[in-house]
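Read off the chains here:
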Amino acid sequence: MKGLFLWGITVCLITLALSVVSTSEEAQAIVNLMIDADMHPAPTEDQINTAVGDLINVTNDVSKRNLNATIYLAGDMTASRARVFVTQIGTSPRYEIAMAGNTTDEKLSRMPASAQKTILERSKKLAEACHICGGNTITVTGFKPQSFDQNGDTFRLLDGMDIDYSAGFQQGVLYTTGHLKDAWPYQIAPHRFYAVPVSTYNYSGGHIVLYDRKAQEMGLTGDQWYGILVGKFDEASAKGEPVIAVFSTMISGSGAYQAALEKFLDYAGSKKAEFVTTQQLVDISKKGVPWAEGVSMIGGSEVEKGYTVCDTLANITVESGSPE
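What you see is a predicted model; the values in this text were computed from it and never measured. (Residues numbered from 1 in each chain as written. Predicted model: local features only at pLDDT ≥ 70, side-chain atom pairs only at ≥ 80, totals over all residues. Heavy atoms only, no water.)

So, the overall build of the protein chain
Inference 1: The helix and strand inventory of the protein chain stands at 11 helices and 11 strands.
Inference 2: For the protein chain, the proportion of its 324 residues judged to be buried stands at 51%.
Inference 3: When contacts within the protein chain are restricted to residue pairs at least 6 apart in sequence, those whose partners lie at least 24 apart make up 73%.
Inference 4: Accessible area for the protein chain stands at about 14800 Å²; split by element, carbon and sulfur atoms hold 53% of it. (Helix = DSSP H or I, 4+ residues; strand = E, 2+ residues; numbered from the N terminus. Buried < 20%, exposed > 50% of the residue type's maximum accessible area, 1.4 Å probe, protein only. Contact = heavy atoms within 4.5 Å. Areas by Shrake-Rupley, 256 points an atom, 1.4 Å probe, with all protein chains shown as cover.)

Pasting the structure below:
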């Protein structure tokens, strides 16, 4: 009888151990796609056409897989006729619309606070104006500075703009005190908003940020970039960390880098990854656990057809270049 009892306990312990292992193996990886809707400063007609085409290509790659993503709008993109397509994107609950300053590659840290304020307020207004007349409205709560460039003045301005997060950070490279190794969003004391660290990966003896533009600047091929994305995905999945990656429409909207993006989306999908917007990722972090109840991953209806765009941008102008 005693032997039978001990045997029963052993079976229970083994079952429990297997259950724990199974739960660990089945834990979903989390991926946050950041899409930079970039535009050349003072663009020509051909450059506008190319920018729109690249944005369509990237968002099609995401949409046909029914994934969530955040689109960061530069003012130059939103103020052009590309805003019609951006407005259509904004009707989908799978996309979060966030702001990214005025002009691609601007340097906020080189500007006085007054100039930064003008840029940030205009950027937010332009992004929130991309909605359908009589339809859903857009409330911008996220910001990602161009080239990860920001400073204390930027932080203070964001506090006064109801911005919930800044994605101008890099894991282990650009971080605030005490957050060297943080892969999840964290609050920046004494400010109210959260820092979102874009993922980095050890490559060739150093850190490479998961940003296609940086990969291209390093001269990496599309296959090498894909290998970095997959390597980081596997590493982060094993650690229970999110993968936060940035894709510029000017880079990943065509050619080998677009092919790398598509392959990565398929790879992550084959691993049952959960794709979230940046705001959803921040909301998960606020709950203090990898997956939190009450955080909605999808909501509302898909893209509406036959919409009419309100011309709310008629009286908004965007200056080219950086303010003096």
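Let's talk about the pairing of strand β10 (residues 243–248)
Inference 1: Burial analysis of β10 places 6 of its 6 residues in the buried class, which makes it a mostly covered element.
Inference 2: Every second residue of β10 is oriented toward a common face, with V243, A245 and F247 on one face and I244, V246 and S248 on the other, all of them buried.
Inference 3: The pairing of strand β1 (residues 30–37) with β10 spans 6 bridges and is classified as parallel. Residue pairing across strands places N32 opposite I244, the latter belonging to β10. (Pairing = 2+ DSSP bridges.)

Quick notes on the side chain of T59
Inference 1: Here T59 is to be found in helix α2 (residues 45–63).
Inference 2: Taking relative accessible area as the criterion, T59 reaches 2% and is therefore assigned buried.
Inference 3: Within the structure, T59 has its side chain in polar contact with the backbone oxygen of L55 (distance 2.8 Å).
Inference 4: Residues in contact with T59, not counting those within four places in the same chain, are I71, F85, I89 and Y95. (Polar contact = N/O pair within 3.5 Å; in protein donor to acceptor, adjacent residues only side chain to side chain.)

Here's the deal with the nonpolar core
Inference 1: Ranked by size, the top nonpolar core spans 69 residues in total, and within it W225, F233 and F264 carry the most contacts.
Inference 2: Excluding anything up to four places from it in sequence, F264 contacts V31, Y226, L229, V230, F233, V243 and F247.
Inference 3: Residues I30, A167, V196 and V276 belong to the second largest nonpolar core, which totals 18 residues. (Core = buried A, V, L, I, M, F, W, Y, C linked by side-chain atoms within 4.5 Å.)

Topic: the packing of aromatic side chains
Inference 1: A full pass over the atoms with the stated rule returns 7 aromatic pairs.
Inference 2: Aromatic side chains F148 and Y211 sit 5.9 Å apart centroid to centroid with 80° between the ring planes, which places their arrangement in the edge-to-face category. Placement of the pair is F148 in the loop between β4 (142–143) and α6 (152–159) and Y211 in the loop between β9 (206–209) and α7 (212–217), with a sequence separation of 63 residues. Each member of the pair, F148 together with Y211, is buried.
Inference 3: A centroid spacing of 6.2 Å and a plane angle of 65° characterise the contact between W225 and F247, whose relative ring orientation is edge-to-face. Pair noted here: W225 is in helix α8 (residues 222–239) and F247 is in strand β10, with a separation of 22 residues, a long-range link. For the pair W225 and F247, one class covers both residues: buried.
Inference 4: Members of the aromatic cluster, joined through ring pairs, are F155, F169 and F193.
Inference 5: Residue placement shows K144 over the ring face of Y72; its charged tip is 5.2 Å from the ring centre.
Inference 6: Cation over ring: K144 sits above Y211, and NZ or CZ is 5.8 Å from the ring centre. (Phe/Tyr/Trp six-rings, centres within 6.5 Å; stacked < 30°, edge-to-face > 60°. Lys NZ or Arg CZ within 6 Å of the ring centre and 35° of its normal.)

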